[in-house]
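# Secondary and tertiary structure notes
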Amino acid sequence: MQIDSPQFWRAGAISVIAVMTVVLIMLTIDSLAAIRSGGTHVPPYTVINQKIGYKYDSARAIDVPTVAGDEPLFGRAETSEQVAALIGKGKLVIQSRSCMNCHTFFGNGAYYAPDLTKSWLDPGWDAWQAITAAGSKEEAMVRFLMDPVKFRTWTRTMPQLNLTREEAVAVVAYLKWMSAVDTNGFPANFGLISTSR
Amino acid sequence: MYRSQRLALKYLAAAIGFFGVMTLAGLMSAYYYINPDFLFGILHFNIAKTLHIDTLVIWLLMGFMGAIYWFLPEELGIETVGIRAAEIMFYLFCLVVLAVAAIFVVVQYGGSDNAGMWLVNQGRKYVEAPRWAAACIVLVMLVFSYNLIGTAIRARKITGIMGVLIVDLVPLVVLYLDAFPAFRNMSVDLFWWWWLVHLWVEATWEVLIGCIMALALMSLLGTSRRIVETWLYIEVALVLGTGILGLGHHYFWIGTPQYWLAIGGFFSAFEPLPLLGMVVHAIYDAGTHHMKTSNRPAFYWMLAEAFGNFIGGGVWGFMITLPQVNLYAHGTQWTASHGHFAFWGAYACGVISVAYLVLQRIRGAASVDGTAWRWAFAALNFGLIGMVGTLLVSGFAQAFIERAVGGSTLEAFINAQESAWFVDGMYARFACGLIFAAGYVALVYDLLTIGRRVPARAAQPALP
Amino acid sequence: MTGLALLETGLLLGVFVLLAGCYGVLYGVGRLVGRRAATAGAFACYALQCAVASAVVARAPLADFWKAFIAASTLAYLAIPPITWRFLEKTH
Ligand code: HEM
Ligand code: HEM
Ligand SMILES: [Fe+2]
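The model shown is predicted, which means the values in this text are computed figures rather than measured ones. (Residues numbered from 1 in each chain as written. Chains lettered and ligands numbered in written order. Predicted model: local features only at pLDDT ≥ 70, side-chain atom pairs only at ≥ 80, totals over all residues. Heavy atoms only, no water.)

### With respect to the site of ligand 1
The immediate surroundings of ligand 1 are formed by 27 residues, with A:Tyr111, B:Tyr33, B:His52, B:Lys125 and B:His340 found nearest. At ligand 1, the nearby residues belong to more than one chain, namely chains A and B. Within the side chain of B:Lys125, one N or O atom sits 2.6 Å away from an oxygen atom of ligand 1. Contributions of two or more residues to the shell around ligand 1 are made by helix H1 (3-34), helix H2 (45-76), helix H13 (333-363) and helix H16 (420-449) of chain B. Looking at which element gives the most residues to the shell around ligand 1, the answer is H1(B), with seven residues. Of the residues belonging to the shell around ligand 1, the class tally is 15 nonpolar, nine polar and three charged. (Near = heavy atom within 4 Å. Polar contact = N/O pair within 3.5 Å; in protein donor to acceptor, adjacent residues only side chain to side chain. Helix = DSSP H or I, 4+ residues; strand = E, 2+ residues; numbered from the N terminus. Nonpolar A, V, L, I, M, F, W, Y, C, P; charged D, E, K, R; others polar.)

### Thoughts on the coordination of the iron atom of ligand 2
All names here are of chain B. Exactly one protein atom donates to the iron atom of ligand 2; that atom is His338 (NE2), 2.0 Å from the metal. Distance-wise, the iron ion (ligand 3) is placed 4.2 Å from the iron atom of ligand 2. Residue placement: histidine 338 occurs in helix H13. (Donors = N, O, S within 2.8 Å, 3.2 Å for Na, K, Ca; no water.)

### Re unusual backbone geometry
Residues apart from glycine generally show negative phi values, whereas peptide bonds are mostly found in trans. Residue and element names in this part refer to chain A. Here phenylalanine 186 and proline 187 are connected by a cis peptide whose omega angle stands at -10°. We note that phenylalanine 74 has phi near 55°; this positive angle belongs to a residue other than glycine. With phi around 55°, asparagine 184 is a residue other than glycine that occupies positive phi space. Topologically, asparagine 184 is positioned in the segment after helix H5 (165-178).

### What to know about the packing of aromatic side chains
The tally for this structure, following the rule as stated, stands at 66 aromatic pairs over all chains. Taking 5.9 Å as the distance between ring centres and 70° as the angle between the ring planes, the aromatic pair formed by A:Trp125 and A:Phe144 counts as edge-to-face. Taken together, the residues span a long stretch of sequence, with A:Trp125 in helix H3 (residues 124-131) and A:Phe144 in helix H4 (residues 137-146) at a distance of 19 residues. Taking the relative accessible area as the measure of exposure, A:Trp125 reaches 6% and is therefore buried. Residue classification places A:Phe144 among the buried residues on the basis of a relative accessible area of 9%. Geometrically, the ring pair formed by C:Tyr23 and C:Tyr46 is tilted, given 5.2 Å between the ring centres and 45° between the ring planes. (Phe/Tyr/Trp six-rings, centres within 6.5 Å; stacked < 30°, edge-to-face > 60°. Buried < 20%, exposed > 50% of the residue type's maximum accessible area, 1.4 Å probe, protein only.)

### Regarding the site of ligand 2
Around ligand 2, a shell composed of 26 residues is seen, among which B:Lys125, B:Tyr126, B:His330, B:Thr335 and B:His338 lie nearest. Nearby residues place ligand 2 at the junction of chains A and B. One nitrogen or oxygen atom from the side chain of B:Thr335 is found 2.7 Å from an oxygen atom belonging to ligand 2. At a separation of 2.8 Å, a nitrogen atom of ligand 2 approaches a polar side-chain atom of B:His338. Within the residue set of the shell around ligand 2, elements represented by two or more residues are helix H7 (186-221), helix H11 (296-321) and H13 of chain B. Split by residue class, the shell around ligand 2 holds nine nonpolar, 13 polar and four charged.

### What about the confidence of the model for chain B?
Residue and element names in this part refer to chain B. With 97% of its residues at a pLDDT of at least 70, chain B reaches an overall mean of 94. Between residues 456-464, whose pLDDT stays under 50, and residues either more than four places distant or in other chains, the model counts 15 contacts. Reported for the predicted complex are a pTM of 0.96 and an ipTM of 0.96. (pLDDT = per-residue confidence, 0-100. Contact = heavy atoms within 4.5 Å.)

### Quick notes on the interface of chain B and chain A
Contacts between the two partners involve 84 residues from chain B and, on the opposite side, 84 residues from chain A. Interface area for chain B against chain A, summed over the two sides, is near 7,300 Å², with a carbon-plus-sulfur share of 63%. By the criterion of area lost to chain A, the three top residues of chain B are B:Ser112, B:Arg184 and B:Met186, representing 10% of everything that side buries. Measuring nitrogen to oxygen at the nearest pair gives 2.5 Å for the salt bridge that ties A:Lys91 to B:Asp189. (Buried area = accessible area lost by both parts, 1.4 Å probe. Salt bridge = Lys/Arg side-chain N within 4 Å of Asp/Glu carboxyl O.)

### Observations regarding empty space enclosed by the protein
Residues and elements named next belong to chain A. Inspection of every chain in the model, using the stated rule, returns five cavities of 30 Å³ or more. The calculated volume of the second largest cavity comes to roughly 650 Å³. What lines the second largest cavity is a set of 40 residues, and nearest its centre among them are His103, Ala113, Pro114, Phe144 and Met158. Tallied by class, the residues present in the lining of the second largest cavity amount to 28 nonpolar, seven polar and five charged. (1 Å grid on protein atoms, 1.4 Å probe; cavity = no way out; pocket = protein on both sides within 12 Å on 5 of 7 lines; lining within 4 Å. Points joined across faces, edges and corners; volume = space filled by probe spheres on them.)

Structure follows, in structure tokens:
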């Protein structure tokens, strides 16, 4: 076979594709184990019963989520079945209202509205807690999600998406769980540098 | 003319039609950034934007299918097998797309349950279409595959290009199956979602457009099959060799292990190299034919494809593909700038080129030239380059203010969106979008009349 | 990475590949029309590309791995247009 013959390159193409595909499949198997809930990078859903933070880890030189102590959502610890159902509901709410075509999750989606990866940890909820006269952060989030027009903070307003209370609670649980996923340091410096508007 | 080629014309016409819908929806989406009260309470950004990117995928797919239905009978020398089913599928496809568009605009949101996913809106970027519609699209693609494979079998003939095309159908269809599941775990959801998005646009589709451009080259410039096929294999080897593991540049931050930073960055950083080779190839072809061809518009759009693929994919992609840059550029208008440039260069220009090629043959025009196509070419490309340039400015401002300085909180996001650089970029983007839209109008006018304005060669079409 | 370093790095990386494109185009044109000026322009672009690569290696806050990658790929970019061209002539 000569280097300028199609057969040579066909064989080359097939070999390259075969090798790359096999490597990809191996990496996929490894990654799927790491990202299942309770894997090395993704926390179990019951993490929503605990206190979550986001801290600089000098060994890895990136920000990583921290999980320490109890802090159940709405002060009620839930069993793992209840939590799994809640998270499943939250995901379907997010899909059904097409949140991802305004917001990003882990930086994927649309760029019209803020990234929600670490929304649970956003310092902005302090202000919202005051505006919504809520007793806790999670209650403030629920009230905002149920009436984003009333509790808007900006000219670009999030529309009323008619979430029921049950749906809003599921979304809050989802956001709390998501904030505990190890994202290799994305977003960087979250909330460290306070800017003033 | 073969029946398959008449179907091809329908597909190309539908593609150009949905291109118009996409442009309109894009302009709307862009307008919300300038006036967030636009249609508030009636139709929001997310719906307009969903229409924009879904019709984008649809019109390009229809363009590819049109191109293949056109070349298939010529390539194999017989009428396409299962052409009746293919014709029915065309109407089904159009009907489904229109129905989904109507559902998105009128119903907008479904329930947060299985019924909502099956009937109304799945809310996953690019694959929002409800499951019933996704199932219809799978059916369309299966019939399309049957057409190709069945024709090859009946013709007892398989050319190199056809072989690549048929093998490529497998990932094309299989990857689309990710349009169905609703994984609870966002990391798992995005993991497979990127198989669909990245492995379509940076692997499967690159191969598809490579085959189509190979067929077009033979038809337009009469390049020999041996040469075209050799280069197709080289392109496939290099594009997939870098693109398959290049997938890792989307696995930096979605919860996946840290080794993806090295793997994704490394392989995707090689992706511009084959694209550069294609540019050199285009220069060679242009030069050896002294820019002489009876179909200048098709030829210019083909050149635009080679350059656009390199600049939009290679240059704009390389800016953001190393993990340390991507950490800040990820999910900002910088990404949108790259997405527009790459899709336009790699795919849209190719489909337009094929449309000109087909129209010349159908209308039997000795030459398709004139001024209208030049206006269209200039306005579309100028408008698009303007849009990606202004998006880049906005993206820089956003990556700087929101990500690097502000640490990505809601407040940092708002600060970035309200900065003068960002706001000016959004206004300028909208203005360039209007130029682009004007180019679209010129394109449609030209496609409708080209070969009819210039005296046609004899009365009879040039085809059997 | 600071904001300015980010924009600088992003731009340098973009210009790096863009110059490779200019080199490729001018190289092709030079071979086609046999003009010295085009070929000289091609290598001028390549020289600029090397300068950009050095700037990345010297200034950008990227990990050493990526700097080594940029340095190595600068060599690959040098080879692509001539190899592609020679191969095009061989196959046509
Ligand atoms: C009048 C012309 C156009 C306008 C005004 C426009 C506007 C927009 C807007 C506002 C978005 C949403 C970005 C965001 O999330 O903030 C978008 C997304 C997108 N558009 Fe366009 N667009 C136009 C033409 C095109 C063309 C011609 C293509 C491709 C050939 C295209 C491909 C895309 C893609 C791929 C996305 C998703 C990008 C991403 O999220 O990263 N658009 N466009
Ligand atoms: C040539 C065909 C290409 C097309 C059509 C294309 C299209 C796109 C689109 C539409 C997106 C946005 C996806 C989304 O979030 O919705 C994207 C993202 C991305 N592309 Fe490409 N691309 C191409 C080639 C490349 C190449 C060659 C590179 C690298 C050198 C590259 C690097 C990237 C990166 C790093 C992202 C992620 C951006 C982020 O983190 O937000 N792309 N591409
Ligand atoms: Fe990609």
